[in-house]
Amino acid sequence: LHALIPPVAFDAINYHLVGPARYLEAGAVQAHADNHFLGFPQGVEILYGVAISLFGRDTAAAPIHWWFGVLALLAIGGLITRYLNTSTAWWTVALTLTAWSLWLLFGWPYADLAMVAYGAGVLIVAARYQAWDGINPVPTTSADHQSPSIPPRPSTIDYRLLTILGLLLGLAVGVKYTTAGLALALGSWLLLNVGRSETTWTQRLRQWIYAGLVIGGVAALTFLPWALKGALLYQNPVYPFLFGGLNWDSLRSTTFSTAGQGLLSTGNLGQLIALPLAATIQGIEKTEGFGFTIGPWVLVLPLLLLVSWNWLDSRAKSLARLGLTFALPALLFWMGMAATSGIGVQTRLALFGLPAAAVLSGVALYGLGRIPSKRLPIQGIAYAIIGLTLVFTLLGALQETGRDAVLPWLTGQLDREAMLDRGLGIYAAMQRELATLPAGSQVRFLYESKSYHCPATITCVPDILFDYWVRPIRQGLTTQAVIESWRAAGDDYVLVFQVGYDFWKTDPRFLTENARFPEVVQLLGTPLWSDPVGAYQLYRLPA
C-alpha cells in the first residue's frame, strides 16, 4: 500500500525519480551536470521512467521496487525450501522482514531491493551449478519437504549457468556500483567450485580461466549500455569514479565519498571488526553511520551455526558453505568500504550480501531444531522470539501506515497536494511558492539537494553535494564573483535552505568556507519569500 502513495522518500526525490522525470521531459537520456547521480548506472530508474510514461503518474514507480523485493523473498525462501524444508523457509522470510528499513524500502522507489533480488538470483544459480558431495534429494513424502531433486555435478563447465551468473552480475552492477562486491563473492565461489572434478592444477586453472571469462564477459556486455552512457554523456564509463568526468574534480570527489572519514580514521576499529554486530546494534534508519535498521536477527543469527554445526545434516552444511562462500567476501568488501569512507559504512550499500546472510540465518534456525534436547525446545524458543519481533515490526508498520495517511489516500479522502504536505511539510509549501515565479525562471538551491516536485514552469538547480558555495570559495572566488557566476549560469533566483546550512556548517572539512556564507546572504538582500519557520528563504539575484 505504501508503494502506491506519491513519492516523498529522500533519495527518490533527490535522484531516483529526478532522472526519469528529466528524460521524459526532454524525450531523451541526456547529461545533467548539476546532479552527478544521473551519471550512475540506472537499471531500475529507467524502468521507473517506462512505467511513469505508460501510466502517466509517478506512483507507478515504487511498485516496481516492491516487486523486486517480492522476487528477492521468493528466491530466498525457495532456495531454503529446496534444500532444507518449507517451515524453515517461512521463518527465514519472516526474520528477514523484521529488518525495519528493509520493510520501508518496499514502499519507496529506490534501487536497493533490486540488488537483493539479483544477489538472491546469483545464489540460486550457483546452488544449481554446485554439486554437493554426500547430498541426497530432499524427501518428497512429507508436506514439509516438497522439493525437486538436486542436479548432478557437471563433468565439464556448464556454460549455460555461467552465462546466467554473468547476466545477473551485470544487471546487479547496472543497479548500483557497490554490487561489484558480488563479483568478489562470485570469484570466491568460482575458485572453490569450478574445476573440482579435475585431477591436475593445470586443468583446474584452465577451467577457472574459462569460467571467469564467461562470467566476466557476459557481465561486461550486460553492463556495456551503462558504460557507453557514462562515456558518451559524462566522459567516464564508470562516472564519477576513477577518471572524473563532467563537472567533477578532486574536491567534489572528496565531498561525495567523505574519504578519510571511515571507521579506521574515526577511531572505530571495534565497529569495523564486529561490523555485522555493530550494524545490528547501532544501525538506525535516517541517522549518521549505518543509516539502516537491519533488525536484531538477519546479521547475527548466523553466529548460531557455531553452536549447531555438528548436528547439521549434509544438505544443511552444504547450503551453509554456499552462504559463507558469498557472505564472507561480501562482508570483506563492506569492511573495506566502511574502513575508508564515511558513506561506505551504510548498510544499504552492501545489501547484495543480504540473501547470503538470510540463507545462513535459515540454516542456523534449522540447526537449532536438530540439537538433541529433551527438556528445552531450543528451536521453538527461537521461533517464539522471532515471532514476537515480527509482531512488533507489524505494529510499527501499522503505525507508519496511519502516520502516512495511506488509506485516506487510497480511498480518495486526501488529494496529492495534501499527501505531499503530510510527507514533505515545508518543502511542499516551498515548491508551491516557486510555482508562482515567472515561467522560464531558474532557481539555484543552496544547501538543498531535493529537486523533484519542482514546478514544470521553472528550472530548479539542486545543491546535490552542498558545495555551490564551498566549491567556488575554495577556488578563490570572492563573494561577489560567486553571485556573478550564478547569474552567468542563467540563475534568476536563489533559494537558501537554512536548516541544511545549519547542518553542514559544522562539517570540519569546510568550516572556513561555511563560516563565510552569511556574506552572500547579506549581499542578496531582503528575501522575496520566507516560510513561517524560516527554513527556506527565496532571493532574487541582483542584476
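Remember, predicted model here, so these are calculated numbers, not experimental data. (Residues numbered from 1 in each chain as written. Predicted model: local features only at pLDDT ≥ 70, side-chain atom pairs only at ≥ 80, totals over all residues. Heavy atoms only, no water.)

1. A word on the overall build of the chain
Part 1: Counting its regular elements, the chain contains 25 helices and five strands.
Part 2: By the compact-globule yardstick of 24 Å for 543 residues, the chain fits well, its C-alpha radius of gyration being 26 Å.
Part 3: Its C-alpha atoms give the chain principal-axis dimensions of about 80 × 55 × 50 Å.
Part 4: Here the chain holds 543 residues, and the buried ones make up 54% of them. (Helix = DSSP H or I, 4+ residues; strand = E, 2+ residues; numbered from the N terminus. Rg over C-alpha atoms; globule rule 2.2 N^0.38 Å. Buried < 20%, exposed > 50% of the residue type's maximum accessible area, 1.4 Å probe, protein only.)

2. Notes on the nonpolar core
The tendency in soluble globular proteins is for nonpolar side chains to be buried side by side.
Part 1: With 141 residues, the main nonpolar core has Leu162, Trp189, Phe326, Val363, Leu434 and Val443 as its most contacted residues.
Part 2: The element contributing the most residues to this core is helix 7 (residues 112-129), with 13 residues.
Part 3: Among residues more than four places away in sequence, those in contact with Val443 are Leu434, Leu437, Ile458, Thr459, Cys460, Val461, Tyr493, Val494, Leu495 and Leu538.
Part 4: Counting residues in each nonpolar core, the second largest holds 21 residues, with Val461, Phe466, Ile483 and Val496 among its members. (Core = buried A, V, L, I, M, F, W, Y, C linked by side-chain atoms within 4.5 Å. Contact = heavy atoms within 4.5 Å.)

3. A closer look at the pattern of salt bridges
Part 1: Applying the stated criterion across every chain, the model contains 19 salt bridges.
Part 2: Residue Asp467 pairs with Arg252 through a salt bridge whose shortest N-O separation is 2.9 Å. Here Asp467, found in the loop between strand 2 (459-461) and helix 21 (470-474), pairs with Arg252, found in helix 11 (residues 250-257); they are 215 residues apart in sequence, far enough to count as distant.
Part 3: Arg432 serves as the salt-bridge partner of Asp421, at 2.9 Å between the closest nitrogen and oxygen. (Salt bridge = Lys/Arg side-chain N within 4 Å of Asp/Glu carboxyl O.)

4. Looking at the confidence of the model for the chain
Part 1: On average, residues of the chain score 92 in pLDDT, and 95% of them are at 70 or above.
Part 2: Scored below 50 in pLDDT, residues 132-137 makes 17 contacts in the model with residues more than four places away or belonging to other chains.
Part 3: For the stretch residues 140-148, pLDDT sits under 50, and the model shows 17 contacts to residues farther than four places along the chain or on other chains. (pLDDT = per-residue confidence, 0-100.)

5. A few points about helix 11
What sets the pattern is the α-helix's 3.6 residues per turn: residues three or four places apart point alike.
Part 1: Within helix 11, burial applies to Leu251, Arg252, Thr255, Phe256 and Ser257.
Part 2: Looking at the packing, one finds that the buried side of helix 11 touches helix 21.
Part 3: Between the side-chain oxygen at the start of helix 11 and the backbone nitrogen of Leu251 there is a gap of 3.2 Å, and the oxygen is on Asp249.
Part 4: Count one or two residues on from helix 11 and you reach Thr258, which has phi positive near 45°. (Polar contact = N/O pair within 3.5 Å; in protein donor to acceptor, adjacent residues only side chain to side chain.)

6. Focus: the side chain of Ser451
Part 1: Relative to the helices and strands, Ser451 is located in the loop between strand 1 (442-446) and strand 2.
Part 2: By relative accessible area, Ser451 is classed as buried at 6%.
Part 3: Ignoring anything within four residues of it in the chain, the contact list for Ser451 reads Ile13, Val18, Arg22, Tyr427, Gln431, Phe445, Cys460 and Pro462.

7. Topic: the sheet that holds strand 5 (residues 536-540)
Part 1: Taken in spatial order, the five strands of this open sheet run 2-1-3-5-4, and their pairing is mixed. Each having just a single partner strand, strand 2 and strand 4 (529-530) make up the two edges of the open sheet.
Part 2: The pairing of strand 1 with strand 3 (residues 493-497) spans four bridges and is parallel. Pairing of Arg444 across the sheet is with Val494, part of strand 3.
Part 3: Across the sheet, helix 25 (residues 517-524) touches strand 1, strand 3 and strand 5, and the angle it forms with strand 5 is around 55°. (Pairing = 2+ DSSP bridges. Axes fitted to C-alpha atoms, helices over the stretch in contact; angles between N-to-C directions.)

8. Re unusual backbone geometry
Part 1: In this chain, Tyr239 is followed by Pro240 through a cis amide linkage whose omega measures 0°.
Part 2: Structurally, Pro240 is set in the loop between helix 10 (201-234) and helix 11.
Part 3: The backbone of Tyr447 sits at a positive phi, close to 65°, despite the residue not being glycine.
Part 4: Its place among the elements puts Tyr447 in the loop between strand 1 and strand 2.

9. Quick word on the packing of aromatic side chains
Part 1: A full pass over the atoms with the stated rule returns 26 aromatic pairs.
Part 2: Judged by centre distance (6.0 Å) and plane angle (50°), the rings of Phe241 and Phe256 are tilted. Residue Phe241 is found in the loop between helix 10 and helix 11, and its partner Phe256 is found in helix 11; the two are separated by 15 residues along the sequence.
Part 3: Here Phe241 falls in the partly exposed class, since its relative accessible area comes to 34%.
Part 4: An aromatic cluster of at least three residues, connected via ring pairs, comprises Tyr15, Phe37, Phe40, Tyr177, Tyr234, Tyr239, Phe241, Trp248 and Phe256.
Part 5: Above the ring of Trp201, the side-chain terminus of Arg204 is found at 5.0 Å from the ring centroid. (Phe/Tyr/Trp six-rings, centres within 6.5 Å; stacked < 30°, edge-to-face > 60°. Lys NZ or Arg CZ within 6 Å of the ring centre and 35° of its normal.)

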